[in-house]
Amino acid sequence: MQVNEFWSLVESAREDVSGDGGDWPSGSVVGRALAARLAQLPAEHIVEFYHCYERVAARAHQWGLCAAAYVICRYISDDTFSDFKAGLVGLGREAFEQAVADADALAEHPMVRAIAAGHVDRFALAAEEIQFAASSAFEQHSDDADGFWEALEIQPDEPGDEEEPSADDQWSGQFGSAGDAAQIPLRLPRLLALFSVP
């Protein structure tokens, strides 16, 4: 599956659950809509979507976005960051690309601003349902809970047309040191200002 088809599915799922008022649905809601759409595809396409998701989400595996997750959620762990990256995918292609290019740009996103204002739960961007949309869809499609993981072994990933993540800003898997805390105001000034308690 090529990246344009991947994003078309994500955007269609977003449209399925977006209100007429321009609301930003939570990552969980988008993930459930995405699984419902994927369940209508042939099994091999569901597996291809999963592989493409993994490649796309890898582009968000950056220190800046890990720090953004920490600022927004006030907590960070491997699972929290994985859910956050999935939530970025759930925001749609344009917002995802902006965040990958500049994590501090999240300060301008309507959902992030709503989280900061207390109108939306701070974990609204967490989207485990997007991470597991393909496995959930495969189970719906085949009525086999283990079939998806077996299919991954039979149908390995093939390189797609996604950009390779930059090695300069990759997240090392460690976060929370005094050095990290000192970097946040320098690298995420708008986001930090948005979430700072007056």
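Cut-off values and rules
- Residues numbered from 1 in each chain as written.
- Predicted model: local features only at pLDDT ≥ 70, side-chain atom pairs only at ≥ 80, totals over all residues.
- Heavy atoms only, no water.
- Phe/Tyr/Trp six-rings, centres within 6.5 Å; stacked < 30°, edge-to-face > 60°.
- Helix = DSSP H or I, 4+ residues; strand = E, 2+ residues; numbered from the N terminus.
- Buried < 20%, exposed > 50% of the residue type's maximum accessible area, 1.4 Å probe, protein only.
- Lys NZ or Arg CZ within 6 Å of the ring centre and 35° of its normal.
- Salt bridge = Lys/Arg side-chain N within 4 Å of Asp/Glu carboxyl O.
- pLDDT = per-residue confidence, 0-100.
- Axes fitted to C-alpha atoms, helices over the stretch in contact; angles between N-to-C directions.
- Left-handed = near helix turned anticlockwise from the far one by under 90°.
- Contact = heavy atoms within 4.5 Å.
- Nonpolar A, V, L, I, M, F, W, Y, C, P; charged D, E, K, R; others polar.
- Expected span 1.5 Å × (residues − 1).

## Some points on the packing of aromatic side chains
(1) Moving on: Summed over all chains, the structure comprises 3 aromatic pairs.
(2) Moving on: With centroids separated by 4.8 Å and ring planes inclined at 25°, the aromatic side chains of Phe6 and Phe49 adopt a geometry described as stacked. Placement of the pair is Phe6 in helix 1 (residues 3–17) and Phe49 in helix 3 (residues 43–58), with a sequence separation of 43 residues.
(3) Moving on: Take Phe6: its relative accessible area is 0%, and that puts it in the buried class.
(4) Moving on: For the pair Trp7 and Phe96, a centre-to-centre distance of 5.4 Å together with 50° between the ring planes defines the contact as tilted. Placement of Trp7 in helix 1 and of Phe96 in helix 6 (residues 93–101) is noted, with a sequence separation of 89 residues between them. Accessibility classification places Trp7 together with Phe96 in one group, the buried group.
(5) Moving on: The residue whose ring lies beneath Lys85 is Phe81, and the NZ or CZ to ring-centre distance is 4.7 Å.

## A few points about the pattern of salt bridges
(1) Moving on: The final tally for this structure, using the stated rule, is 7 salt bridges.
(2) Moving on: When the shortest N-O distance is used, the salt bridge between Arg32 and Glu129 registers 4.0 Å. Taken together, the positions of Arg32 in helix 2 (residues 27–38) and Glu129 in helix 8 (residues 128–131) put the pair 97 residues apart, joining distant regions of the chain.
(3) Moving on: When salt bridges that share partners are traced, they join Asp102, Asp104, Glu108 and Arg190 into one network.

## What to know about the confidence of the model for the protein
(1) Moving on: Averaged over every residue, the pLDDT of the protein is 85; residues scoring 70 or more account for 84%.
(2) Moving on: Here helix 10 (residues 147–154) stands out as the least confident element of the protein, with mean pLDDT 75; helix 6 is the most confident, with 96.

## Some points on the packing of helix 1 against helix 2
(1) Moving on: Across the interface, helix 1 lies against helix 2 with an axial gap of 8 Å and an inter-helix angle of 115°. Where helix 1 crosses over helix 2, the handedness of that crossing is right-handed. In this structure, helix 1 contributes Leu9, Val10, Ser12, Ala13, Arg14, Asp16 and Val17 to the contact, and helix 2 contributes Val29, Val30, Ala33, Leu34, Arg37 and Leu38.
(2) Moving on: Counted by class, the contact of helix 1 with helix 2 contains 9 nonpolar, 1 polar and 3 charged residues.

## Topic: the environment of Val89
(1) Moving on: Along the chain, the position of Val89 falls in helix 5 (residues 78–90).
(2) Moving on: For Val89, a relative accessible area of 1% puts it in the buried group.
(3) Moving on: Sequence separation between Val89 and Gln131 is 42 residues, and the spatial gap between their C-alpha atoms is 9.4 Å.

## Things to note about helix 5
Residues spaced three or four apart along an α-helix point in a common direction, a consequence of the helix completing one turn every 3.6 residues.
(1) Moving on: Here helix 5 is 13 residues long and its end C-alpha atoms lie 19 Å apart, about the 18 Å a rise of 1.5 Å per residue gives.
(2) Moving on: Counting buried positions along helix 5 gives 10 out of 13 residues, so the element sits mostly inside the fold.
(3) Moving on: Those residues of helix 5 not exposed but buried are Thr80, Phe81, Asp83, Phe84, Lys85, Ala86, Gly87, Leu88, Val89 and Gly90.
(4) Moving on: Considering only its buried residues, helix 5 is in contact with helix 1, helix 2, helix 3, helix 4 (63–73), helix 6 and helix 8.
(5) Moving on: Just downstream of helix 5, Gly92 is the residue with a positive phi angle, here 105°.

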